[in-house]
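Residues per chain, in single letters:
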Amino acid sequence: MIEILNASELPRARATGALVGSILRELRGRASVGTGLLEIDGWARELILEAGAESCYVDYAPSFGRGPFAHWICTSVNDAVLHGMPSAHVLADGDLLTLDLAVSLDGIVADSAVSFLVGEARPAESVALIDATERALAAGIAAAVPGARIGDLSHAIGTVLTEAGYPVNTEFGGHGVGSTMHQDPHVANTGRPGRGYRLRPGLLLALEPWAMIGTDRLVTDPDGWTLRSATGSRTAHSEHTIAITDDGPEILTLP
């Protein structure tokens, strides 16, 4: 299903996006050496409920997971890159943490993720990896103009990641959003320009470049959700929800 919002619905999408961006900024500011992932999950719950919003994760049970996710945010650390289930892990100096959050407010969903280093340590490989996903995200957003095709976005994202030296996995990528979290069209993190669905004003897309150092293979934790690099290498993930407008792409999930 592909939903196209009308002009009267876009302000609702902006409100949801701003909420997601603000919650992620708050959680990033609170996360420090000694913080537990379950503590972050609890903070996310409080902030979502205080805003009168709904979690897209608590009851989420797709075919690729094991039962309902049952948490309020994805917390992926170091070699975990996607769907990181909050656990008893306590953050250490230099940990690479990804927070991925999707909520619904007034019937519209927004989805965003941010990767950052905890504490004072700044391993060069990790800094470069995070930077590559952020630059790939910016390239994908810049390509998201009315009349462009999904392949143009995928190509822009994949070009940045590949030129930075990271293999690209296509099992998971960006997607449409609207009244539900995961919709068509799928936006792979690499692809051929000029192919796929043509972008129209009113379309909401969650673009999410992610990369792993030295591998494109994933393994799944025993929890049935957390996806890690097959080699134990570090990973990063950057995501924004955008709206396609007559004037070009609008980033909704900025704080």
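The rules we used
Residues numbered from 1 in each chain as written. Predicted model: local features only at pLDDT ≥ 70, side-chain atom pairs only at ≥ 80, totals over all residues. Heavy atoms only, no water. Helix = DSSP H or I, 4+ residues; strand = E, 2+ residues; numbered from the N terminus. Rg over C-alpha atoms; globule rule 2.2 N^0.38 Å. Buried < 20%, exposed > 50% of the residue type's maximum accessible area, 1.4 Å probe, protein only. Contact = heavy atoms within 4.5 Å. Areas by Shrake-Rupley, 256 points an atom, 1.4 Å probe, with all protein chains shown as cover. Pairing = 2+ DSSP bridges. Salt bridge = Lys/Arg side-chain N within 4 Å of Asp/Glu carboxyl O. Core = buried A, V, L, I, M, F, W, Y, C linked by side-chain atoms within 4.5 Å. Axes fitted to C-alpha atoms, helices over the stretch in contact; angles between N-to-C directions. Parallel < 35°, antiparallel > 145°, perpendicular 65-115°, else oblique. Left-handed = near helix turned anticlockwise from the far one by under 90°. Nonpolar A, V, L, I, M, F, W, Y, C, P; charged D, E, K, R; others polar. Disulfide = S-S within 2.5 Å.

Thoughts on the overall build of the protein
- On a plain count of helices and strands, the protein comes out with 4 helices and 14 strands.
- At 17 Å, the protein has a C-alpha radius of gyration in line with the 18 Å of a compact globule built from 255 residues.
- With the principal axes as the frame, the protein shows a C-alpha extent of 45 × 40 × 35 Å.
- Taken over 255 residues, the protein has a buried fraction of 55%.
- Contacts spanning at least 24 positions in sequence make up 68% of the contacts within the protein whose residues lie at least 6 apart.
- When the accessible surface of the protein is totalled, it reaches about 10200 Å², and 51% of it is carbon and sulfur.

Some remarks on the pairing of strand β8 (residues 204-207)
- Of the two faces of β8, the one carrying Leu204 and Ala206 and the one carrying Leu205 and Leu207 are both buried.
- Where β8 meets strand β13 (residues 240-245), 4 bridges bridge the pair, whose relative direction is antiparallel. Residue Leu205 lies in a different strand from β13, and its bridge partner there is Ile242.

A closer look at the pattern of salt bridges
- Summed over the entire model, instances satisfying the criterion amount to 6 salt bridges.
- In this structure, Arg14 engages Glu250 in a salt bridge whose closest nitrogen and oxygen atoms are separated by 2.6 Å. Within this pair, whereas Arg14 is found in helix α1 (residues 10-30), its partner Glu250 is found in strand β14 (residues 248-251), the two being separated by 236 residues in sequence.
- By relative accessible area, which is 36% here, Arg14 ends up partly exposed.
- Linking Asp131 and Arg135 is a salt bridge whose minimum nitrogen-to-oxygen distance equals 2.8 Å.

Brief notes about the nonpolar core
- Grouped together as the largest cluster of nonpolar side chains are 26 residues, with contacts concentrated most on Leu27, Ile40, Ile73, Leu91, Leu97, Leu99 and Leu101.
- In terms of residues, this core owes the most to one element, helix α2 (residues 37-50), which gives 6 residues.
- Here Ile73 is in contact with Leu24, Leu27, Ile40, Asp41, Ala44, Tyr57, Gly84, Pro86, Leu99, Asp100 and Leu101, once residues within four sequence places are set aside.

Structural notes on the packing of helix α3 (residues 124-142) against helix α4 (residues 150-163)
- Remark: α3 packs on α4, axes separated minimally by 8 Å, with the N-to-C direction vectors making an angle of 155°. Classed by the angle they form, the pair α3 and α4 counts as roughly antiparallel. Here α3 runs over α4; the crossing is right-handed. Seen from α3, the contacting residues are Ala132, Thr133, Arg135, Ala136, Ala139 and Gly140; seen from α4, they are Leu153, Ala156, Ile157, Val160 and Leu161.
- The residue makeup of the contact of α3 with α4, split by class, is 8 nonpolar, 2 polar and 1 charged.

Some remarks on the state of the cysteines
- Counted under the stated rule, the structure contains 0 disulfides.
- Note on Cys56: no disulfide assigned, nearest cysteine sulfur contributed by Cys74 at a separation of 11 Å.
- Of the residues examined, Cys56 reaches a relative accessible area of 15% and is grouped as buried.
- The exposure class assigned to Cys74 is buried, which follows from its relative accessible area of 5%.

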